[in-house]
Amino acid sequence: MSVPYETAAPEPAESPESPEEHLARLLGRALNSFELPDEVIRRLDCALAYDSSLHSAHHSAGLHRETYRHTWLLADGSAVTLWELAHNATPGGASDHEVYTDEEELQTATSRLGLPPDTPELELPAPTWLWAVPAPRHVFACGDSADHARRLLRRAENADHPDDRTATLLATATAHEITQAFGRPGRAGRSGLSYVLYEHAFLLPDDSEISLWEVEHTATPDGRHMCEVYLSEDAARSAMERRAARQG
């Protein structure tokens, strides 16, 4: 059974927290948060969603010990888990909170408390991502966006590049943004090959948005750079994987 942490915390949130707010609240109450590796905190900066579950608990004669699992879903599809220990030192006293990066550290900290063994651990389900945050909106910059779209489509060498209808639509673009896309990579191919994926997002006069996905790679007979353009991220990544498989 998954138990949202907010239902058990002394100060439940009045509304769903973002992943950043949930992390800040956890670190703010943990006495040892300064011991967490900087790399873990940096990875959590790109969290998209989180899930919190009660892991185990012991309550007896005014003393209590509870452990929670907090898991964040990251933008690259991976996940990071922090383990929280909440306990009081005196019967009926206020809770102290500690946070750890793995379950072994949690168990070591728990054993130092001198309380009886935990009640049987709750079965941990797969995270359900209680509060998912939509992907951030694009930050568009004004410029010659229509010309940028025209030049991007002109250098596309794949036969299944966006058609004239898309080109006509993008001729009205009023702003655009270019970002490198990360996440699931294409499979590794021959040594020396490179694959880079970019999203070209365009803002249209009616405030709608459209993106083109550009793959730059060197999977060519002479090793030169080649540009391919697709209408969706899935199509672009699939093309990357097909080429990497043929070259592997």
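None of the values given here were measured: they were computed from a predicted structure.

**Q** Just checking my understanding: could you explain the overall build of the chain for this structure?
**A** Scanning the chain for helices and strands turns up 6 helices and 10 strands. Across the 248 residues in the chain, those meeting the buried criterion constitute 39%. Pairs at least 24 apart in sequence give 60% of the contacts found in the chain among residues at least 6 apart. A total of about 13600 Å² of accessible surface is found on the chain, and carbon and sulfur atoms cover 54% of it.

**Q** Is there a simple way to think about the pattern of salt bridges in this case?
**A** A side chain of one charge can pair with a side chain of the opposite charge if their charged atoms are brought near each other. In the structure shown here, the tally under the stated rule is 7 salt bridges. Across the salt bridge formed by D147 and R150, the nearest N and O atoms sit 2.3 Å from each other. Linking D147 with R150, this pair stays in helix α4 (residues 145-154), spanning 3 residues, or about one helical turn. R150 gets classed as partly exposed once you look at its relative accessible area, which sits at 43%. D147 is the partner of R151 in a salt bridge, and the nearest nitrogen-oxygen pair spans 2.9 Å. A residue pair is termed a helical-turn pair when its members lie 3 or 4 positions apart in one helix, as R151 and D147 do in helix α4 at 4 residues. Overlapping salt bridges, with partners in common, bring together D147, R150 and R151 in one network.

**Q** Got a minute to help me understand helix α3 (residues 103-111) in this structure?
**A** For an α-helix, the turn length of 3.6 residues means that residues three or four places apart are oriented alike. Restricting attention to buried positions, one finds in α3 the residues L106, A109 and T110. End-on view of α3: buried residues confined to an arc of 100 degrees, all on one side of the axis. Summarising the geometry of α3, the exposed residues directed more than 90 degrees from the buried face are E104 and S111. On its buried face, α3 is in contact with β1 (47-60), β2 (63-74), β3 (79-88) and β4 (95-100).

**Q** Help me out: how do you make sense of the environment of E21 in this one?
**A** Here E21 shows up in helix α1 (residues 19-29). Classification of E21 as partly exposed rests on a relative accessible area of 45%. Reaching out from E21, the side chain makes a polar contact with the backbone nitrogen of S18 at a distance of 2.9 Å.

**Q** Explain the confidence of the model for the chain here, please?
**A** Residue-level pLDDT values for the chain average 78, and 78% of them are 70 or greater. When pLDDT is averaged over each helix and strand of the chain, the minimum, 49, is found for strand β5 (residues 131-132) and the maximum, 95, for helix α5 (residues 164-170). Every residue in residues 1-15 scores below 50 in pLDDT, and together they form 28 contacts with partners more than four places removed in sequence or on other chains.

**Q** In this structure, what is going on with α1? I would like to understand it.
**A** Inspection of α1 places P19, H22, L23, L26 and R29 among the buried residues, and these make up the whole buried set. Viewed end-on, α1 has its buried residues packed into an arc of 145 degrees, placing them on one side of the element.

**Q** Could you clarify how one ought to interpret the pairing of β4 in this entry?
**A** Here is the key point about a regular strand: its side chains alternate between the two faces of the sheet. Note that β3 and β4 share 6 bridges and pair antiparallel. Residue pairing for β4: A86 is matched across the bridge by H97. Hairpin connection between β3 and β4: a loop of 6 residues separates the two successive antiparallel strands, and G92 in this loop has a positive phi of roughly 75 degrees.

**Q** Hey, could you run me through the sheet that holds strand β8 (residues 195-203) in this one?
**A** Hydrogen bonds between backbone atoms are what pair the strands of a sheet, whose relative direction is either parallel or antiparallel. Taking strand neighbours across the sheet as the criterion, the 5 strands line up as β6-β7-β8-β9-β10 in an open arrangement whose pairing is antiparallel. Each edge of the open sheet carries a strand with a single partner, namely β6 (141-142) and β10 (226-230). In this sheet, strand β9 (residues 209-217) lies alongside β8 in antiparallel orientation, the contact comprising 9 bridges. Bridging from a neighbouring strand, Y195 pairs with H217 of β9. Contacts from α4 reach β6, β7 (175-180), β8, β9 and β10 within the one sheet, and its direction differs from that of β8 by about 145 degrees.

Thresholds applied
- Residues numbered from 1 in each chain as written.
- Predicted model: local features only at pLDDT ≥ 70, side-chain atom pairs only at ≥ 80, totals over all residues.
- Heavy atoms only, no water.
- Helix = DSSP H or I, 4+ residues; strand = E, 2+ residues; numbered from the N terminus.
- Buried < 20%, exposed > 50% of the residue type's maximum accessible area, 1.4 Å probe, protein only.
- Contact = heavy atoms within 4.5 Å.
- Areas by Shrake-Rupley, 256 points an atom, 1.4 Å probe, with all protein chains shown as cover.
- Salt bridge = Lys/Arg side-chain N within 4 Å of Asp/Glu carboxyl O.
- Arc of directions from axis to C-beta.
- Polar contact = N/O pair within 3.5 Å; in protein donor to acceptor, adjacent residues only side chain to side chain.
- pLDDT = per-residue confidence, 0-100.
- Pairing = 2+ DSSP bridges.
- Axes fitted to C-alpha atoms, helices over the stretch in contact; angles between N-to-C directions.

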